[in-house]
Amino acid sequence: MGASEQSNQTPDPTPGQEACYIASLDLGTTTLRCFIYDKAMRVCGRAEEKVTLLYPSPERVEMDPNELWEKFVKVINAAISSAGLTAGNIRCLGLSTQRATFITWDRRTGETLHNFITWKDIRADALVTQWNASWKMKGIRFVGSLLYKILRKKRYMAASVLRFMNIQVNMRLKWVLENNERVKRLAREGNVMFGTIDCWLIYKLSEGKIHATDYSNASGTALYDPFIEDWNSFFLSLLAIPRNIFPELRNSVGDWGICPAKLFGAPIPITVVVSDQGASLCGSCGFKRGDVKITLGTGAFLNVNTGSDAHASVKGIYPVHGWKDMEGLVHMAEASSNDNGTVIEWGQMIGLYDSPSVTADLAVSVQDSKGVYFIPAFQGIQAPLSDANATGGFLGLSADTSKAHLVRAMLESLAFRIYQMYSAMLKEADYELLSLSKRLPLRVDGGVAQNDFLLQMIATLTGKTLERPKSIDVSALGCAFLAGMGAGIWKSRDELIPLRQVGRTFEPQMDQQPKLLGQMKEWERALQRFTKWHNNSSSENGVKYEGRKLAVDSGEADPCYKGDRSRHFSSECNASILHQEKSQEDGFFLLHGGIKNRCSVFVCSALFIFFLSLVLYG
């Protein structure tokens, strides 16, 4: 993949110099980076700013939009300066952003109505639990299953296992619409605009002229239907979310307006808006159906190019979009693990090592983990188990367990999670996609991809060649690729393939694979001990679990508690307690009114089958 080292050749920023440089901005969960590339995809300059996450209460994780905007402008200016250029030398700008973080603002004034609510935020946890247990969702799953059996359409198979999750935008947005009085009032008046980070940045850059998002960012909201490639009107109606707050859908590559000269010293055309994972697949040159890339960052993502078809899954592998350019829309199947880089950071925080760079050496300093297994589930376990109530921890400790054994167990757990997701993907893939994926190498990127021990283990477990790029900043690279296409620097995806540079290749050690697969079976046995933990915890000592929140009967938790976020203490702050009480009421109804619920579902189902039979068979 494209090189990311500082170029030895300093460009000459003469007034008449051709505007042939690409600015690529990558906004992640913890960092905001901007890179300046030349036509050969060499990095001529770069700048970075830390993204500040705010924790106003235990359940909430936010970003200040004003601070984010200031850092956005600052980091682009700093990157241009570090390259020895001016804004007039920049041919185009591309934006790659994290998904599922959103904000709302006043349609009339552009004033934001609250902070950005990030994908890590769980304020809507009670709503998620309530809706997943509701008769409406049970009915949707039942009808989806029935329709799939009759019509064999993948869209209905996905509906048959549909469940809301905290990471999705839908319930967090519904929470805002129900609990923020100002948003509620303005929504009734038709004066609310909704947008993910990319959408809001474009709105600001266009000075309020463009309210739009691209297909890849829309597909990450769970308010969009990737099978019909439009906002999901059915669920918007079901959740009572007004359609008029949503942005226009646009191709990722195209005309996204022009940055005002007052921001950077000269106008800069914006030629791409794309999600970080879509940009990462593009930066890996994953242009063919069956191409697989793995991103090892704060979380871990496994993305498969599924061509022109959306992928339907029953194991939590979601259909999303990579990007849409002049050659068409790229569909992806995506599995994710929320805890990846967070595990590495946690190990450093508790003093197992001083720097993540030493973890690989620590792991190979011992022959094995000495029967110790680690479960990376600070935020539950995602696909293919999809257990939000799972917890993390070690199992198998003994008196002679050392730091090295613990570190090795942690790294092994990350590899096991990747293999879990990869295996689930292979099981669900159709024959053609399966055969393509088995022939192609795996491409890996992200900060944690610098760990040689982890990558070698993934290669051996999967039995696949693993390719690590020279530059791990692949989202920025892919964004630059697409921005260059939008500016006419390249005419097709094929022209980008020679620009990809592989830094190191990891070949599978097949003689070690049986041993690793045996270890993984034991790890999966350990994993079962950690599943449904929060759900099954006792109420002894005045403590009980409600979903993934911990309530203390003897008193209220501090509403500003900022301790271990794997235990989310509930508090009677703002309106969140109303949702918890409502959830408890619904839980009581579901417990004691279960028979009534099942009868209702049965009657509705029987009526549905009867009318469907009339339609089909007269």
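Predicted, not measured: the structure shown is a model, and the values here were computed from it. (Residues numbered from 1 in each chain as written. Predicted model: local features only at pLDDT ≥ 70, side-chain atom pairs only at ≥ 80, totals over all residues. Heavy atoms only, no water.)

J.: Is there a simple way to explain the environment of Arg163 in this structure?
T.: Looking at the secondary structure, you find Arg163 in the loop between helix H4 (154-159) and helix H5 (169-179). Sequence separation of Arg163 and Gly316 is 153 residues, and the distance between their C-alpha atoms is 9.4 Å. Setting aside its immediate chain neighbours within four residues, Arg163 contacts Asn132, Arg141 and Gln168. (Helix = DSSP H or I, 4+ residues; strand = E, 2+ residues; numbered from the N terminus. Contact = heavy atoms within 4.5 Å.)

J.: Sorry, what's going on with the layout of surface pockets here?
T.: The method is simple in principle: a probe with the dimensions of a water molecule rolls over the atoms, and the space it marks as empty is what remains. If you add up the space inside the second largest pocket, you get close to 300 Å³. Contributing to the lining of the second largest pocket are 15 residues, with Arg408, Phe453, Gln456, Gln509 and Leu516 lying nearest its centre. Contributing elements (two or more residues each) for the lining of the second largest pocket: helix H13 (359-364), helix H16 (452-462) and helix H18 (513-530). A per-element tally of the lining of the second largest pocket places H16 first, with five residues. Here the lining of the second largest pocket is composed, by residue class, of five nonpolar, six polar and four charged. (1 Å grid on protein atoms, 1.4 Å probe; cavity = no way out; pocket = protein on both sides within 12 Å on 5 of 7 lines; lining within 4 Å. Points joined across faces, edges and corners; volume = space filled by probe spheres on them. Nonpolar A, V, L, I, M, F, W, Y, C, P; charged D, E, K, R; others polar.)

J.: Would you mind showing me how to read unusual backbone geometry here?
T.: The general pattern is negative phi for most residues beyond glycine and trans for most peptide bonds. Between Ala383 and the following residue, Pro384, the backbone shows a cis peptide bond with an omega angle of 0 degrees. Mapped onto the elements of the fold, Pro384 is located in the loop between strand S19 (373-375) and strand S20 (393-395). A positive phi angle is found at Ala100, which is not glycine, with a value near 65 degrees. If you trace the backbone, Ala100 turns up in the loop between strand S5 (90-97) and strand S6 (102-106). Overall, Ala100 belongs to the buried group, its relative accessible area being 6%. A positive phi angle, near 60 degrees, is found at Glu229, a position not held by glycine. The partly exposed category is assigned to Glu229, whose relative accessible area is 30%. (Buried < 20%, exposed > 50% of the residue type's maximum accessible area, 1.4 Å probe, protein only.)

J.: Whenever I open this one, the pairing of strand S1 (residues 21-27) confuses me. Can you help?
T.: Along any regular strand the residues' side chains alternate between the sheet's two faces. Burial analysis of S1 places seven of its seven residues in the buried class, which makes it a mostly covered element. Burial along S1 is two-sided: Tyr21, Ala23, Leu25 and Leu27 and Ile22, Ser24 and Asp26, pointing in opposite directions, are all buried. In the sheet, S1 pairs with S5 via seven bridges, with the strands oriented parallel. Each residue of the ladder has a partner; that of Ser24, found in S5, is Gly94. One ladder, built from six bridges, connects S1 with strand S2 (residues 31-37); its direction is antiparallel. (Pairing = 2+ DSSP bridges.)

J.: Even after reading the chapter, I still don't get the sheet that holds strand S17 (residues 318-325), so can you show me in this structure?
T.: Read across the open sheet, the seven strands follow the order S17-S18-S16-S15-S21-S22-S23; overall the sheet is mixed. Strands with a single pairing partner mark the edges of an open sheet, and in this sheet they are S17 and strand S23 (502-506). The sheet shows a mean angle of 30 degrees between the axes of neighbouring strands, direction not considered. Where strand S16 (residues 300-307) meets strand S18 (residues 328-337), seven bridges bridge the pair, whose relative direction is antiparallel. What sits directly across from Gly307, in S18, is His331. (Axes fitted to C-alpha atoms, helices over the stretch in contact; angles between N-to-C directions.)

J.: What is the right way to look at the sheet that holds strand S13 (residues 258-259) in this model?
T.: Two strands in a sheet stick together by hydrogen bonds in their backbones, pointing the same way (parallel) or opposite ways (antiparallel). Spatially, six strands are ordered S3-S2-S1-S5-S14-S13 in an open sheet, and the strand pairing comes out mixed. Looking along the sheet, the strands with just one partner apiece sit at the ends: strand S3 (43-50) and S13. Here helix H1 (residues 65-82) sits on the sheet in contact with S1, S2, S3, S5 and strand S14 (268-275), set at roughly 155 degrees to S3. The sheet contacts of helix H11 (residues 276-283) involve S1, S5 and S14, and relative to S14 the element is tilted by about 100 degrees.

J.: Even after reading the chapter, I still don't get H11, so can you show me in this structure?
T.: Along an α-helix, residues three or four apart share an orientation, since each turn contains 3.6 residues. Within H11, eight of the eight residues are buried, leaving the element largely enclosed by the surrounding structure. Taken as a whole, H11 has its buried residues at Asp276, Gln277, Gly278, Ala279, Ser280, Leu281, Cys282 and Gly283.

J.: Explanation requested: the packing of H11 against helix H17 (residues 474-486) in the structure shown.
T.: Packed helix pairs are characterised by how far apart their axes lie and by the angle those axes make with each other. Between H11 and H17, the shortest axis-to-axis distance is 7 Å and the interhelical angle comes to 80 degrees. With respect to their mutual orientation, H11 and H17 come out roughly perpendicular. The residues of H17 that touch H11, namely those facing Asp276, Ala279, Ser280, Cys282 and Gly283, are Val474, Ser475, Leu477, Gly478, Cys479, Phe481 and Leu482. Tallied by class, the residues present in the contact of H11 with H17 amount to seven nonpolar, four polar and one charged. (Parallel < 35°, antiparallel > 145°, perpendicular 65-115°, else oblique.)

By themselves, these observations are geometric and do not establish any function.
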